[in-house]
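Inside the fold
Below are the chains, spelled out letter by letter.
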Amino acid sequence: MATVIGVRFKKAGKVYYFDPAGFWPRPGDAVVVETSRGIELGEVVTGAREVPDEQIVPPLKQVVRVATAEDIARAENNAAREKEAYAICQEKILQHKLEMKLVDVEYTFDNSKIIFYFTANGRVDFRELVKDLASVFKMRIELRQIGVRDEAKMLGGLGSCGRPICCGAFLGDFQPVSIKMAKEQNLSLNPTKISGQCGRLMCCLKYEQAYYESALKKLPKVGREVITPDGSGIITEINVIREKVRVRMQLPDGTFDVREYRLEEVSKPNSASPSRPSQEPLDSDEKDLESFDGGEPDGPAEQMDENPAPEPRPRKRPNRDKPKGESGRRERPPRPERIQKETAERVSEPEPASEIVPANSEPPAESGYESPDKLFVPEDDPTE
């Protein structure tokens, strides 16, 4: 924890933390502090208090002194000189014919530098302009290009609500704003109605966005069917601020009417389907009639299609289960010419001459030859 005070250098600008260094200024007092740009004069907006170390950007600068009457007079003199510097710079821009718009001029408190703020559509070569300004003011010159939102914040003005624009009154930082916010808040998408002086979407669209996001999660969407105390209907419009919906429903006489209900009075329709009426138990005679099916199977009869669709043919896949040869490759089937040649060789080969053996003679025992009679006639044949 560290003790700090909050100091602001411009109206509606950022608040920076400084170490009081033994001084205890009150909100509204002017103090002289040390910054990265040098010595500056600022206004205290928050008194001394303790903040966590995570919220402090090191290094923490110290307060030099509480502003005196001379310091305040010096700041007023610098403000008067800024108007003269603005006019001189505007003339130099016209002489060099540069496409840039001068917005504001700022003198540092110690008169060591002048800062010129401008806007432009692209990059501008202002090197010759810097040389001319340096020869006139005899001090360091800095030209800083800013955006259209920063321009509107510096210039100020009135918004479409009739009040001073938020960025020039109290906004320290710019918050991102998108067209989705205007759609969720049911605003007109006309650019002239939702744009500020800078030409961008108004910063006030961000203020109520958190409430709209939480409320839209509870409210039903347009076009959904809901149940109301007067019956069912279709949602045609929702009011997020009042949390009410307008429902279009059909009356008993056939006409339609649009009525408004609170969120608590509407509900989603019951998605459950109505239950079927329970069947009464059958008598014994009815059971017998149902059990008699005239020879049809017990199960439900299958309806045969008059023109049944043809069954899909199985895809032909290559036979990968063929035996493989010694080389590991699958053996190819023999060609027709090779088959015919092998068949002709087999037919042309002469058969060996058979030895004629007498019917009554018996072959030697070592030959293993048996007589045809013994070979074909069984031993228990009654003819023997």
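Just above, that's the structure.
Here's what I pulled together on the structure shown here.

How each quantity is defined
- Residues numbered from 1 in each chain as written.
- Predicted model: local features only at pLDDT ≥ 70, side-chain atom pairs only at ≥ 80, totals over all residues.
- Heavy atoms only, no water.
- Helix = DSSP H or I, 4+ residues; strand = E, 2+ residues; numbered from the N terminus.
- Buried < 20%, exposed > 50% of the residue type's maximum accessible area, 1.4 Å probe, protein only.
- Contact = heavy atoms within 4.5 Å.
- Areas by Shrake-Rupley, 256 points an atom, 1.4 Å probe, with all protein chains shown as cover.
- Phe/Tyr/Trp six-rings, centres within 6.5 Å; stacked < 30°, edge-to-face > 60°.
- Lys NZ or Arg CZ within 6 Å of the ring centre and 35° of its normal.
- Axes fitted to C-alpha atoms, helices over the stretch in contact; angles between N-to-C directions.
- Left-handed = near helix turned anticlockwise from the far one by under 90°.
- Nonpolar A, V, L, I, M, F, W, Y, C, P; charged D, E, K, R; others polar.
- Polar contact = N/O pair within 3.5 Å; in protein donor to acceptor, adjacent residues only side chain to side chain.
- 1 Å grid on protein atoms, 1.4 Å probe; cavity = no way out; pocket = protein on both sides within 12 Å on 5 of 7 lines; lining within 4 Å.
- Points joined across faces, edges and corners; volume = space filled by probe spheres on them.
- Pairing = 2+ DSSP bridges.
- Salt bridge = Lys/Arg side-chain N within 4 Å of Asp/Glu carboxyl O.

On to the overall build of the protein, then. For the protein, the count of helices and strands is 10 helices and 12 strands. Going through the 384 residues of the protein one by one, you find that 22% of them count as buried. Long-range pairs, those at least 24 residues apart, make up 52% of the contacts in the protein between residues at least 6 apart in sequence. Accessible area for the protein stands at about 30,000 Å²; split by element, carbon and sulfur atoms hold 50% of it.

Take the packing of aromatic side chains next. With the rule as written, the count across this model stands at five aromatic pairs. Ring centres of phenylalanine 116 and phenylalanine 137 lie 6.3 Å apart, and the angle between their planes is 50 degrees; this geometry places the pair in the tilted category. In this pair, phenylalanine 116 sits in strand S7 (residues 113-119) while phenylalanine 137 sits in helix H2 (residues 127-137), placing the two residues 21 residues apart along the sequence. Of the two residues examined, phenylalanine 116 and phenylalanine 137, each falls in the buried class. Relative to tyrosine 212, the ring of tyrosine 211 lies with its centre 6.2 Å away and its plane at 75 degrees, an arrangement referred to as edge-to-face. A relative accessible area of 8% means that tyrosine 212 is categorised as buried. An aromatic cluster of at least three residues, connected via ring pairs, comprises Phe9, Tyr16 and Phe18. Residue placement shows lysine 153 over the ring face of phenylalanine 174; its charged tip is 5.5 Å from the ring centre.

Look at helix H1 (residues 69-96) against H2: their axes get within 10 Å of each other, and the N-to-C directions meet at 145 degrees. Of the two possible hands of crossing, H1 and H2 adopt the one that is right-handed. Touching Ala85, Ile88, Cys89, Lys92, Ile93 and His96 of H1 are Glu128, Leu129, Asp132, Leu133, Val136 and Phe137, all from H2. Split by residue class, the contact of H1 with H2 holds eight nonpolar, one polar and three charged.

What follows is about the side chain of serine 195. By the secondary structure assignment, serine 195 is in the loop between helix H6 (191-194) and helix H7 (209-218). A distance of 2.6 Å separates the side chain of serine 195 from the backbone oxygen of proline 191, its partner in a polar contact. Discounting residues that sit within four places of it in the chain, serine 195 has contacts with Arg200, Leu201 and Met202.

Before going further, it helps to spend a moment on the layout of surface pockets. Quantified by volume, the second largest pocket comes out at close to 340 Å³. Lining the second largest pocket are 20 residues, and of these Ile165, Cys166, Gly196, Met202 and Cys203 lie nearest its centre. Put simply, the parts of the chain that give the lining of the second largest pocket at least two residues each are helix H3 (148-155) and helix H4 (166-169). Residues belonging to the lining of the second largest pocket are distributed by class as follows: 13 nonpolar, five polar and two charged.

Attention now moves to the sheet that holds strand S4 (residues 38-51). Read across the open sheet, the five strands follow the order S2-S1-S4-S3-S5; overall the sheet is antiparallel. Strands at the two margins of the open sheet, each flanked by one partner only, are strand S2 (15-18) and strand S5 (63-66). Taking the axes of each pair of neighbouring strands and ignoring which way they run, one obtains an average angle of 45 degrees across the sheet. As paired elements, strand S3 (residues 30-35) and S4 share six bridges and run antiparallel to each other.

Taken in spatial order, the three strands make up an open sheet running S6-S7-S8, and their pairing is mixed. Each having just a single partner strand, strand S6 (101-107) and strand S8 (140-145) make up the two edges of the open sheet. Recorded for the sheet is a direction-independent mean angle of 20 degrees between the axes of neighbouring strands. Inspection of the sheet shows S7 paired to S8 by six bridges, in the parallel sense. What sits directly across from isoleucine 114, in S8, is isoleucine 141. Those strands touched by H2 are S6, S7 and S8, and its axis lies near 140 degrees from that of S8.

Here we come to the environment of glutamate 151. Looking at the secondary structure, you find glutamate 151 in helix H3. A relative accessible area of 11% means that glutamate 151 is categorised as buried. Taking the C-alpha atoms as reference points, glutamate 151 and glycine 168, 17 residues apart in sequence, are found 9.9 Å from one another.

This paragraph deals with the pattern of salt bridges. Summed over the entire model, instances satisfying the criterion amount to 16 salt bridges. Salt-bridge contacts for lysine 218 lead to glutamate 243; the nearest nitrogen and oxygen are separated by 3.4 Å. Here the residue lysine 218 occupies a position in helix H7, and glutamate 243 occupies one in the loop between strand S10 (231-239) and strand S11 (244-250), the gap between them amounting to 25 residues. Owing to a relative accessible area of 21%, glutamate 243 belongs among the partly exposed residues under this scheme. Note that aspartate 230 and arginine 259 form a salt bridge whose closest N and O atoms lie 2.8 Å from each other.

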